[in-house]
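A structural walkthrough
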Amino acid sequence: MTSKNENNASVPTSASNTPIAIDDDESPLETNSDPSLLPITSRHTSAVWSDFKRKRVGDVIKAECNHCSKLLAGGSKAGTTHLKDHIKICPKRVCQDLRQTRMFGTKKNLNDKNDTMTLAPYEFHQEDGRRDLAEMIILHEYPISMVEHIGFRKYSKTLQPGFKVSSRNTTRKDIMKRYELEKENVATLLRKAKGKIALTTDMWTADNQRKGYMAVTSHFVDNTWKLQSRIIRFLYVPAPHTAEVLADALKESIQSWNLDLRLSSITVDNCSTNDAMMEILKGVFPYGSLLLRGDFFHMRCCAHILNLIVQDGLSVVVSNGVQRIRDSVVFWTASDKRVQRFEQVAKQITPECSRKLALDCKTRWNSTYEMLSIATSYKEVFVVLSARNNLYKNPPTPEDWEKVEKICEHLEVFSKTTLNFSGTNYPSANLYFPKICALRIAISGWLLSPHDYVRKMADIMLQKYNKYWASVNGLMGVATILDPRYKMALIRFYFAKFFDEHDFEIEVSRISDLLRRLVDEYGSKMGKTQGSSNQQAFDLGSSSKSNEETFMQEFAEFLQQDKDSNCGEFKDDEYAKLVGELEEGFETCDIDSGTSGLCTE
């Protein structure tokens, strides 16, 4: 049955429509002139069908690869897993789905401004995003609540629409999971280390909470002879911070890592509370497991001792002047307007100076030194501003500037030595002896200064220096002997400057006997001591043109002049033989033999 329209064209009516055969009873999404090809229907939702055609081969339906024309099962019961596997290994597939690629920017180094863009495969993983989010919060100390902020969620959705930002509780669990993973990594590293473990600990106060926390750091030499430092504990310690409370907290930290039998020393700041704490701990751990039965269990921080020496010296001669300079720095850094005013005057009077004023931390003498050295370069600026601003009261006096300038000249060597001792990326024990000896000679030289305040400062410093000298120079002297550049000769060289003939022999014997005891103990516990075949001479680091540089030249002359008399070598035949065996061990190292590393800070 047909009907005619206005143009007399015949149009088939619905009654006369011929049925069209549709595969799987679905509407066709695409057609092809090849009669053997079957359409891709709305049932075929997998993205893999963009790489295949459906084709009838005899009585079965096959999937033909668009790239290599390979036929695979393509019926309704065959699934698509085997098709996806083929696409991954198809030898003729060149183009990739752009929905699975991403433009990556690469730089040769962080300072490069130009990116090299490349198109590379990309696959989104929710778990990777959660891991990086937790790491970001840990790294930058962000509040965990940020994951619930609307702005952050919107920003994350813009970067990756597929990423679902976790809740606060889930993020907290991710952070703890990362903590447990890192803790296990450190535990594995500690277990593999075959030597002794040295610890350093200090208390830290959170400004926003006013709560005390204890940080415990382990130091050891790993099996590749690299110095390693790892924080093993950071815990809240409730007040009051008595010796008993601190000892319990540190003991629990040590035992939780099973380090009871592996301790070599614990380095702490020099204060009466720490002294009492270490006495308590010394009786807790197995007596026979400690190095030389605990003689060096308690080590005093060398950098902190330097701090005490300098602070005592400054407090006697220029305490009032330092306070006036400190108050001046506080005044001219109190607001942006004052800072701007100070810099304007400074550009006119001292255009060659570009350093900004810095306020010190009273418990860190090197920060006080930095504050004073910067302030003295602007002394004329302070004088001018004191006459222009009525609010700026009690500026430093001319006498203050004179004393501070002269003292800063003397303290430069202390500053550089403190920086050397505070290094974290290299061993510092072998640096100690030549630098601390140079300081002692320098202080002794200041006693001859024409300025009475310098002589007075030197006298106070020398008293404090001598108080701690014997307690730390023994083990550090051994570290100097083990430095192949110095051996015993440097000990004898410096001791000859400090002591008369009688005391000289006593002090030299004390150090040599200590080394013998250490070698005997290591030998009895671990067999023949061996060292590294790849010994490297550590750089002493830069220092000012100070006494130490001169002394190193004198030391070279000392070795040459006394070569014939063997003064630079060991006089004791038995001891020379002992050290010879030790040096021989250095040349035939076997790391797996169980060598124990001695690590002190």
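The preceding data block contains the structure.
The notes below deal with the structure included here. These numbers come from a predicted model, not from an experiment. (Residues numbered from 1 in each chain as written. Predicted model: local features only at pLDDT ≥ 70, side-chain atom pairs only at ≥ 80, totals over all residues. Heavy atoms only, no water.)

**With respect to the overall build of the protein**
As a reminder, the rule being used: Strands are runs of DSSP state E lasting at least two residues, helices are runs of H or I lasting at least four, and both sets are numbered from the N terminus onward. Burial here depends on accessible area, computed with a 1.4 Å probe over protein chains only, as a share of the maximum for the residue type. Under 20% is buried, over 50% is exposed, and the range in between is partly exposed. Any two residues whose heavy atoms approach within 4.5 Å at even a single point are treated as in contact. The method behind every accessible area is Shrake-Rupley, applied with a 1.4 Å probe, and residues are considered shielded solely by the protein chains displayed.
Of regular secondary structure, the protein possesses 18 helices and 13 strands. Relative to its 601 residues, the protein shows a buried fraction of 39%. When contacts within the protein are restricted to residue pairs at least 6 apart in sequence, long-range pairs at least 24 apart make up 61% of them. Accessible area of the protein: about 35,000 Å², with a carbon and sulfur share of 51%.

**A word on the packing of aromatic side chains**
Here is the rule: Note on aromatic contacts: the rings of Phe and Tyr and the six-membered ring of Trp form a pair at centre separations within 6.5 Å, being stacked when their planes are under 30 degrees apart, edge-to-face when over 60 apart, and tilted otherwise.
What the rule picks out here adds up to 18 aromatic pairs. Aromatic pair W204 and F234: ring centres 5.6 Å apart, planes at 55°, arrangement tilted. Highlighted residues: W204 in strand 9 (residues 197–205) and F234 in strand 11 (residues 227–236), separated in sequence by 30 residues. Of the residues examined, W204 reaches a relative accessible area of 44% and is grouped as partly exposed. On the basis of relative accessibility, which here comes to 48%, the residue F234 falls in the partly exposed class. Summarising the aromatic geometry, the rings of F433 and Y494 are spaced 6.4 Å apart at their centres and angled 70° between planes, so their arrangement reads as edge-to-face. You can see F433 sitting in helix 13 (residues 429–446) and its partner Y494 sitting in helix 15 (residues 489–498), a full 61 residues away along the chain.

**Comments concerning the packing of helix 10 (residues 365–376) against helix 12 (residues 398–421)**
What counts is decided by this rule: For helices, the fitted axis covers only the stretch in contact; all axes are lines through C-alpha atoms, and the angles between them, taken along N-to-C directions, range from 0 to 180 degrees. Any angle that falls under 35 degrees is termed roughly parallel, while one over 145 is termed roughly antiparallel, one within 65 to 115 roughly perpendicular, and all others oblique. Two helices crossing with the near one rotated counterclockwise from the far one by less than a right angle form a left-handed crossing, whereas a clockwise rotation gives a right-handed crossing. In this classification, the charged set is Asp, Glu, Lys and Arg, the nonpolar set is Ala, Val, Leu, Ile, Met, Phe, Trp, Tyr, Cys and Pro, and all remaining amino acids, among them Gly, are polar.
It is the contact of helix 10 with helix 12, at a shortest axis distance of 9 Å, that shows an interaxial angle of 135°. Our classification of the angle between helix 10 and helix 12 gives oblique. Helix 10 and helix 12 meet at a crossing whose hand is left-handed. Contacts from W365, N366, Y369, L372, S373, A375 and T376 in helix 10 reach W401, V404, E405, C408, L411, E412, F414, S415 and T418 in helix 12. The class makeup of the residues in the contact of helix 10 with helix 12 is nine nonpolar, five polar and two charged.

**Thoughts on a nonpolar patch on the surface**
Condition: Patch definition: residues above 30% relative accessible area lacking any salt bridge, with like charges linked at up to 9 Å and the nonpolar side chains Val, Leu, Ile, Met, Phe, Trp and Tyr linked at up to 5 Å. The salt bridge criterion pairs a side-chain nitrogen of Lys or Arg with a carboxyl oxygen of Asp or Glu, the two atoms within 4 Å.
A cluster of nonpolar side chains, V57, V60 and L71, forms an exposed patch at the surface whose accessible area comes to about 210 Å². Within the secondary structure layout, L71 lies in strand 6 (residues 71–73).

**With respect to unusual backbone geometry**
Most peptide bonds take the trans form, and the phi angle of most residues other than glycine is negative. In this structure, P240 follows A239 across a cis peptide bond, with omega equal to 0°. Mapped onto the secondary structure, P240 falls in the loop between strand 11 and helix 5 (243–256). Notably, N258 is not glycine yet its phi reads approximately 55°, a positive angle. Tracing the backbone through its elements, the reader meets N258 in the loop between helix 5 and strand 12 (263–268). Positive phi outside glycine occurs at N394, with the angle close to 55°. With respect to the helices, strands and loops of the structure, N394 is situated in the loop between helix 11 (379–388) and helix 12.

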